[in-house]
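# Summary of the model geometry
Chain residues, written in single-letter form:
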Protein chains: 2
Amino acid sequence: MADQLLIGLDFGGMSIKGGAVSASDGKILARGLRPFAPDVAAAEIFTRAAELVLELESAAGGSAERIGVGCAGLFDRPTGTVLASANMPNLVGESLSKGVGEGLGGREVLVENDANVAAFGEQWLGAGLAEDSMALLTLGTGVGGGIVLGNELFVGPGGNAGEIGHTVIFPKPSGSYYDGPYHEELACPCGSYGCLERLVSASAAKRRARTAGLNDDLPVLAQAAREADGPERRLMHEIGRDLGSGLSTLVTLFDISFFVIGGGFGAALDVLRPGAEELLEEQRYGTGASRIVPATLGSDAGWIGAARLSLRTD
Amino acid sequence: MADQLLIGLDFGGMSIKGGAVSASDGKILARGLRPFAPDVAAAEIFTRAAELVLELESAAGGSAERIGVGCAGLFDRPTGTVLASANMPNLVGESLSKGVGEGLGGREVLVENDANVAAFGEQWLGAGLAEDSMALLTLGTGVGGGIVLGNELFVGPGGNAGEIGHTVIFPKPSGSYYDGPYHEELACPCGSYGCLERLVSASAAKRRARTAGLNDDLPVLAQAAREADGPERRLMHEIGRDLGSGLSTLVTLFDISFFVIGGGFGAALDVLRPGAEELLEEQRYGTGASRIVPATLGSDAGWIGAARLSLRTD
């Protein structure tokens, strides 16, 4: 069989990123971008997506049998319909498979959650290259999460598993064991309380810095933590321990020991890691030591993982 | 193909339970038991296991191509060797596959964790009969857990996933969000702190009853909770909420909504359920409502799930 050309698209709130990659060796053959205004109609997004695919095929000198698409949100798997998406409200109710496929002569389009495809990309060509199983956590406005087990994306029976950012790591005050104060800032928009993303996202870190009377510019905060054993380092250690709590649940429930950290606040991993490792050592279940490494594909992870979807045979 | 006869064994600390079941309709054809002294040698256990298999085959009027075995502990999957087992120390370092198989003319023997086979049994012929995906939690001395996804047992890439009882639902005091007291009784023998089993096992419930100045006989406690809105009901509600915390993590990470509760303290599910459902409602992630039902196979669940293992084709 000739080498297969794979094309992936990553739908974001303001643009579509995409690229072409060779199935056999993971060589990146082309990259592209289509920005759009926040209020653009779904039909227009689909047109731009199809144009981008054709542009990528032209640049890569080949054509893709199927197209993979990553998009923030929850999906109805069989039809590729967006059930909910905070970032892309105009796409709710639309079938991405149908919309993108129509502009491409009815080609098959596979759709997956954006954090999941990013994990799938990092495991294929990024930080998880040498690992069969791993979890990706992206520390941004929220905490995105994706899990790969035995080189397969884990989405669970209903397709919506692996919502790592909404694992509760801090219980709501109640009962005889915890009668401490209720922290308004730990209430999560998802309806829950004490979700991992309320404690370790970039937004949470900025909030925690302000509460501690520190500079909430995260690169500045991280640099201060690197340079001196002061309040910035103590805060990063504490946030690192909370990150470790989230990872420890993944160790216990998935038997995963390799973690990749991405997103803007992931750049502070060097100062978060000591706290995370300390907690994982305390809560370690099983025998293997965990490793926590930075993501390496940056904003390419999503489209690369989406492209890999189109290689799936199931 | 003629109907297949399946045989499963469940190795416990004081006996081997076993049975024969028809693959096509799940009809139970025979049951058997071989007790042994706690200090019995591995070779003797293997001999009794093989005898029990032959007895079951004779009673069921057929023979099984492969044998499934459930046993407490961690295993090396390819060889079926027991790596660790608190209940059956004499089996550590022994290959159950080899030991049981030798007395049966070298037949193939499949080995799995006891809580996992119990979940696999309940999903096949018990409380989960109508569900493709579910988790079983057994509330006994500890909390055993097993997860079935899409009619397959979920054991993760290394085979040791799904340790639900050791999910941390209560963080160790540290950091600015939780500065409450350290509770000695929440320290878990696994090395961690605040594990689900430190809060909702039968042992934990008895301890919590004593702390609250209540009768620690669990059936008596449960009955009092059923009859009056007093301190017993409040304690059961609180333990139920803690159980709900464990379930809520499974909802978020596995997209499971069907839970089966077994073990001795599982008999109190009717008084634990209100608290568990209350918490799941508060922490609900996603859209589906959860259902929590009692296990129905009792002590047959383990051998039935073990028998089902032998039907697997992978």
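Treat the numbers as computed from the prediction; the structure is a model and nothing was measured. Within each chain, residue numbers correspond to sequence positions counted from 1 in written order. Starting at A for chains and at 1 for ligands, labels are handed out in the order in which the entities are written. Reporting in this predicted model follows two pLDDT cut-offs: at least 70 for local features of residues, and 80 or more for side-chain atom pairs to be given and counted; totals over whole chains, interfaces and linings ignore these cut-offs and use all residues.

## A look at the interface of chain B and chain A
We apply this condition: We call two residues in contact when their backbone-placed C-beta atoms lie within 7 Å. A run of DSSP states H or I qualifies as a helix once it reaches four residues; a run of E qualifies as a strand once it reaches two. Both are numbered from the N-terminal end. Residues were grouped as follows: Ala, Val, Leu, Ile, Met, Phe, Trp, Tyr, Cys and Pro as nonpolar; Asp, Glu, Lys and Arg as charged; and all remaining residues, including Gly, as polar.
Contacts between the two partners involve 43 residues from chain B and, on the opposite side, 42 residues from chain A. Of all the elements, helix α7 (residues 231-254) of chain B adds the most residues to the side of chain B that touches chain A, at eight residues. Each residue belonging to the side of chain B that touches chain A can be placed in one class, and the counts come to 14 nonpolar, 21 polar and eight charged.

## Examining the relation of the copies chain B and chain A
Definition in use: Superposing copies: least-squares fit, C-alpha atoms only, residues required to have pLDDT of at least 70 in both.
Once turned by 180 degrees and shifted 0.0 Å along the axis, chain B lies on chain A with an RMSD of 0.0 Å. Such a turn and shift between the copies fits a two-fold axis. Most of the interface of chain B is mirrored in chain A, where 98% of its interface residues again form contacts.

## Here's the deal with helix α6 (residues 218-227) of chain A
Note on helix geometry: an α-helix contains 3.6 residues per turn, so any two residues three or four positions apart are oriented the same way. Residue and element names in this part refer to chain A. Let me state the cut-off plainly: Counts of 20 or more other C-beta atoms within 10 Å of a residue's own C-beta define buried residues, counts of 12 or fewer define exposed ones, and intermediate counts define partly exposed ones; C-beta atoms are placed from the backbone. Of all possible arcs, the one meant is that of the directions from the helix axis to the C-beta atoms.
All of the buried residues in α6 are Leu221, Ala222, Ala224 and Ala225. All buried residues of α6 fall inside an arc of 160 degrees around its axis, so they share one side. Projecting away from the buried face of α6 at angles above 90 degrees are the exposed residues Pro219 and Glu227.

## Overview of the sheet that holds strand β3 (residues 28-35) of chain B
Backbone hydrogen bonds are what pair the strands of a sheet, in a parallel or an antiparallel way. All names here are of chain B. Operational definition: Only strands joined by at least two bridges in the DSSP assignment are considered to pair. Note on method: axes are straight lines fitted to C-alpha atoms, helices fitted across the in-contact stretch only, with angles between N-to-C directions ranging 0 to 180 degrees.
Taken in spatial order, the five strands of this open sheet run β3-β2-β1-β4-β7, and their pairing is mixed. Of all strands in the sheet, those with a lone pairing partner are β3 and β7 (108-113), marking the two edges. Here the strands of the sheet are splayed against their neighbours by 20 degrees on average, with no regard to which way each runs. Along the sheet, helix α1 (residues 42-60) contacts β1 (5-11), β2 (15-22), β3 and β4 (66-71); its crossing angle with β2, the most-contacted strand, is approximately 30 degrees. Across the sheet, helix α3 (residues 114-125) lies against β1, β4 and β7, angled at about 100 degrees from β7, the strand it touches most.

## Observations regarding the nonpolar core
Across soluble globular proteins, you tend to see nonpolar side chains buried next to one another. The condition is simple: Put simply, a nonpolar core is a cluster of buried Ala, Val, Leu, Ile, Met, Phe, Trp, Tyr and Cys residues tied together by C-beta atoms within 7 Å.
Within the largest apolar cluster, 199 residues are counted, with the highest numbers of intra-cluster contacts made by Val69 and Ala135 of chain A together with Val69 and Ala135 of chain B. Setting aside its immediate chain neighbours within four residues, Val69 of chain B contacts Leu9, Phe11, Leu96, Val100, Val109, Leu110, Val111 and Ala306 of chain B.

## So, α7 of chain B
What counts here: By this rule, a helix spans an expected 1.5 Å times one less than how many residues it contains.
Over its 24 residues, α7 of chain B runs 34 Å from end to end, which matches the ideal 34 Å to within 8%, given 1.5 Å per residue. Looking one or two places after α7 of chain B, you find Asp255 of chain B, whose phi comes out positive at around 60 degrees.

## Quick notes on the pairing of strand β3 (residues 28-35) of chain A
Residue and element names in this part refer to chain A. The pairing of strand β2 (residues 15-22) with β3 spans seven bridges and is antiparallel. Counterpart to Val21 in the pairing with β3 is Ile28. What sits between β2 and β3 in their antiparallel hairpin is a turn of five residues, with Gly26 showing a positive phi close to 70 degrees.

## A look at the domain arrangement of chain A
Residues and elements named next belong to chain A. In plain terms, the rule: An automatic or database domain assignment is the source of the domain bounds shown.
Along its sequence, chain A is organised into domain 1 (5-118 + 300-309) and domain 2 (130-296). Look at where the C-alpha atoms of domain 1 and domain 2 centre, and you get two points 28 Å apart. Counting residues at the interface gives eight residues for domain 1, matched by twelve residues for domain 2. The set of elements that each furnish at least two residues to the side of domain 1 that touches domain 2 consists of β5 (74-76) and α3 (114-125). Across the side of domain 1 that touches domain 2, the residue classes tally to five nonpolar, one polar and two charged.

## What about the pairing of strand β11 (residues 258-262) of chain A?
All names here are of chain A. For β11, the buried fraction is high: five of the five residues fall into the buried class. Residues Phe258, Val260 and Gly262 line one face of β11 and the alternating positions Phe259 and Ile261 line the opposite face, and both faces are buried. Bridge count for strand β8 (residues 134-139) against β11 is four bridges, and the pairing is parallel. Considered in β11, the bridge of Ala135 is made with Phe259. Pairing of β11 with strand β12 (residues 291-294) involves four bridges; the strand directions are parallel.

## Quick notes on the sheet that holds strand β9 (residues 143-149) of chain B
Residues and elements named next belong to chain B. Taken in spatial order, the five strands line up as β10-β9-β8-β11-β12 in an open sheet, and their pairing is mixed. The sheet is open, and its two borders are formed by β10 (152-153) and β12 (291-294), each paired with just one other strand. One ladder, built from two bridges, connects β9 with β10; its direction is antiparallel. Bridged to Val148 within β10 is Leu153.

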